[in-house]
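Structural overview
Listed here are the chains, written in short residue letters.
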Amino acid sequence: MNNKRMIGLTVAVIAGMIIIPTIYKIHEKHNEKLLLVVENEFHYYAKECYLNDECTSTVTLKELYEKGYLEEKLTNPINKKYYDEESSINLDTNEIELIS
C-alpha cells in the first residue's frame, strides 16, 4: 500500500511541475497578444490619420478621438482601464507610448 501512495505522489508532483509553468506561460503570452492588438489598432488609425494629412508624425489618442478615427476609447485589456488621451505614437520611429 505504501508503494502505491509513493508512486501516486510522485506522478502528481511531476504533473504539477509540468502543468503549472505551462499554464503560466500560456497566460503571459495571451496577455502580450492582447496588448499587441491594442497597439496595432492605435498604430493603424494613427497612420491612416497621418496619410490623410490630418495629423503630424506624432499622433495622440486625443487627436484620433477628435477627428473621428477612434470612436470608442482604447482600454488596457488586462486591467480594463482607459488609456490617457495624452498617449502618443511617433510614426517616424514607430515608438508607442500608452499611458494607463
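Residues numbered from 1 in each chain as written. Predicted model: local features only at pLDDT ≥ 70, side-chain atom pairs only at ≥ 80, totals over all residues. Heavy atoms only, no water.

**Description of the overall build of the protein**
Counting secondary structure elements, the protein contains two helices and three strands. Counting from the amino terminus, helix and strand elements in the protein follow one another as α-β-α-β-β. For 100 residues, the compact-globule estimate of 2.2 N^0.38 gives 13 Å, and the protein exceeds it by more than 25% at 22 Å. Expressed as lengths along the three principal axes of its C-alpha atoms, the size of the protein is roughly 80 × 25 × 15 Å. Expressed as a percentage of the 100 residues in the protein, the buried residues total 22%. (Helix = DSSP H or I, 4+ residues; strand = E, 2+ residues; numbered from the N terminus. Rg over C-alpha atoms; globule rule 2.2 N^0.38 Å. Buried < 20%, exposed > 50% of the residue type's maximum accessible area, 1.4 Å probe, protein only.)

**A word on the sheet that holds strand β2 (residues 88–90)**
To summarise the sheet geometry, strands pair through backbone hydrogen bonds and adopt either a parallel or an antiparallel arrangement. Strand order in this open sheet of three strands is β1-β2-β3, and the pairing throughout is antiparallel. Strand pairing shows two members of the sheet lacking a second neighbour, β1 (58–60) and β3 (95–97), which therefore form its edges. Neighbour-to-neighbour, the strand axes of the sheet open up by a mean angle of 15°, direction not taken into account. Two elements, β1 and β2, share three bridges in a ladder whose sense is antiparallel. When the bridges of β2 are listed, Thr-60 appears paired with Ser-88. (Pairing = 2+ DSSP bridges. Axes fitted to C-alpha atoms, helices over the stretch in contact; angles between N-to-C directions.)

**Concerning helix α1 (residues 2–51)**
Compared with the 74 Å implied by 1.5 Å per residue over 50 residues, the 73 Å span of α1 between its first and last C-alpha is a close match. Among all positions of α1, only Asn-31, Val-38, Phe-42, Ala-46 and Cys-49 are buried. Its buried side turned inward, α1 meets β1, α2 (61–66), β2 and β3. Looking one or two residues past α1, Asp-53 carries a phi angle of roughly 60°, positive in sign. (Expected span 1.5 Å × (residues − 1). Contact = heavy atoms within 4.5 Å.)

**Comments concerning the packing of aromatic side chains**
Under the criterion given, the structure shown has one aromatic pair. Centroid distance Tyr-44 to Tyr-45: 5.0 Å. Interplanar angle 80°. Geometry classified as edge-to-face. For Tyr-45, a relative accessible area of 24% translates into the label partly exposed. Lys-73 extends its terminal NZ or CZ atom over the ring of Tyr-82, reaching a point 5.5 Å from the ring centre. (Phe/Tyr/Trp six-rings, centres within 6.5 Å; stacked < 30°, edge-to-face > 60°. Lys NZ or Arg CZ within 6 Å of the ring centre and 35° of its normal.)

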